[in-house]
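Spelled out from the first residue to the last, the chains are:
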Amino acid sequence: MNHFHDHYEIYYLLSGKRYYFIQDRSYLIQEGGLVFIDKNELHKTRGYDDHHHERILLSFDDKWIHSIGEDAAECLLSPFRQKHHLFSLAGIHRTTVENLLFSLLREQQQMLSGWQLNSKALLTQLLVFCSRLSEKSAAEAEQPQAQNLKIYEIVTYINAQYRNRLTLASISENFYISPSYFCRSFRETTGFSFIEYLNNVRIREAQRLLRETKNKVIDIAEQSGFDSVAHFGRVFKQVTGQTPLECRKLMRQS
């Protein structure tokens, strides 16, 4: 599964509990939790004890936003632009969101005449409602879990220093933490292993460079923090399912 992508994502938890790591923080989500994931934000969910959970996941891209209208982006994307990512819904707010989500699901399942048009209308209505909700609820937004502030500090460090050589030994030494404790705490907090997280951060940057520059692949490998183009190619294919050149070709076609 790719843990970052070029579309927007809405995650709604119908029941149960989950941890949700987004960019550099981990949040505890309970039923009624509504999460906004901006495009290219690194994220991952993981279980909370043995709790069973049910969720609804929606995604859309910039092309869909532009199909609504030139002036739609600022309003419809505002929930994704907030510093907070999660809202806990209750009462009439929860009922409104669930009714819209279930209506969307019915349209997708039944595919009656005009289902695509009505789906667009329902999703637009949902995003407008969420936009208004985010404006009213900014001060009440859920706060990230604070169970391991040192790990958050290390995540911030990795996000800033990924172009440099980073190893388990160097991280442990710089932050005065044992390698075994670091590995265990990092996975418990983020859902990623240290190497998995570092590779995802580097590949995300590589994709940006492939999309926005004409740099050679060998240069992009170095600029993204890889010590060899061969290693870069292997990790890129592992994370994205494509080679760097295949990725660049598809980006230019879109």
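Quantities reported herein were computed from a predicted structural model and do not represent experimental measurements.

Enquirer: Give a detailed account of the packing of helix α6 (residues 149-161) against helix α9 (residues 194-212), specifying residues and quantitative values.
Expert: Running from N to C, α6 and α9 cross one another at 40 degrees; their axes reach a closest spacing of 10 Å. For the element pair α6 and α9, the recorded crossing hand is right-handed. Along its contact with α6, which presents V155, I158 and N159, the element α9 presents F194, Y197, L198 and V201. Grouping the amino acids of the contact of α6 with α9 by side-chain chemistry returns 6 nonpolar, 1 polar and no charged.

Enquirer: Could you give me a rundown of the layout of surface pockets, with the residues and numbers involved?
Expert: Space inside the second largest pocket adds up to approximately 260 Å³. Elements with a minimum of two residues in the lining of the second largest pocket: β6 (54-60), α4 (91-110) and α5 (115-137). Residue composition of the lining of the second largest pocket, by class: 9 nonpolar, 4 polar and 1 charged.

Enquirer: Just give me the short version of the side chain of H43, but keep the residues and values in it.
Expert: Looking at where H43 falls in the secondary structure, it is placed in strand β5 (residues 43-47). A relative accessible area of 2% places H43 in the buried class. Looking at H43, its side chain comes within polar contact range of the side chain of H5, at 3.4 Å. Here the side chain of H43 touches E9 through a polar contact of 3.5 Å, side chain to side chain.

Enquirer: Please give an account of the packing of aromatic side chains that cites residues and values.
Expert: What characterises a pair of aromatic rings is the spacing of the ring centres plus the angle enclosed by the ring planes. Inspection of every chain in the model, using the stated rule, returns 17 aromatic pairs. Ring geometry for F21 against Y197: centres 5.9 Å apart, planes inclined by 80 degrees, an arrangement best described as edge-to-face. With F21 in strand β2 (residues 17-22) and Y197 in helix α9, this residue pair connects regions lying 176 residues apart in the sequence. By relative accessible area, which is 0% here, F21 ends up buried. What makes Y197 buried here is its relative accessible area of 0%. Pairwise contacts between aromatic rings join Y8, F36, F60, W64, F80 and F87 into one cluster.

Enquirer: Please provide a residue-by-residue account of the packing of α6 against helix α8 (residues 179-190), values included.
Expert: It is at 10 Å that the axes of α6 and α8 come closest, and there the two elements cross at 85 degrees. Judged on the interaxial angle alone, α8 and α6 are roughly perpendicular. Residues I151, Y152, I154, V155 and I158 of α6 pack against F182, S185, F186, T189 and T190 of α8. Its residues placed into classes, the contact of α6 with α8 shows 7 nonpolar, 3 polar and no charged.

Criteria and cut-off values
- Residues numbered from 1 in each chain as written.
- Predicted model: local features only at pLDDT ≥ 70, side-chain atom pairs only at ≥ 80, totals over all residues.
- Heavy atoms only, no water.
- Axes fitted to C-alpha atoms, helices over the stretch in contact; angles between N-to-C directions.
- Helix = DSSP H or I, 4+ residues; strand = E, 2+ residues; numbered from the N terminus.
- Left-handed = near helix turned anticlockwise from the far one by under 90°.
- Contact = heavy atoms within 4.5 Å.
- Nonpolar A, V, L, I, M, F, W, Y, C, P; charged D, E, K, R; others polar.
- 1 Å grid on protein atoms, 1.4 Å probe; cavity = no way out; pocket = protein on both sides within 12 Å on 5 of 7 lines; lining within 4 Å.
- Points joined across faces, edges and corners; volume = space filled by probe spheres on them.
- Buried < 20%, exposed > 50% of the residue type's maximum accessible area, 1.4 Å probe, protein only.
- Polar contact = N/O pair within 3.5 Å; in protein donor to acceptor, adjacent residues only side chain to side chain.
- Phe/Tyr/Trp six-rings, centres within 6.5 Å; stacked < 30°, edge-to-face > 60°.
- Parallel < 35°, antiparallel > 145°, perpendicular 65-115°, else oblique.

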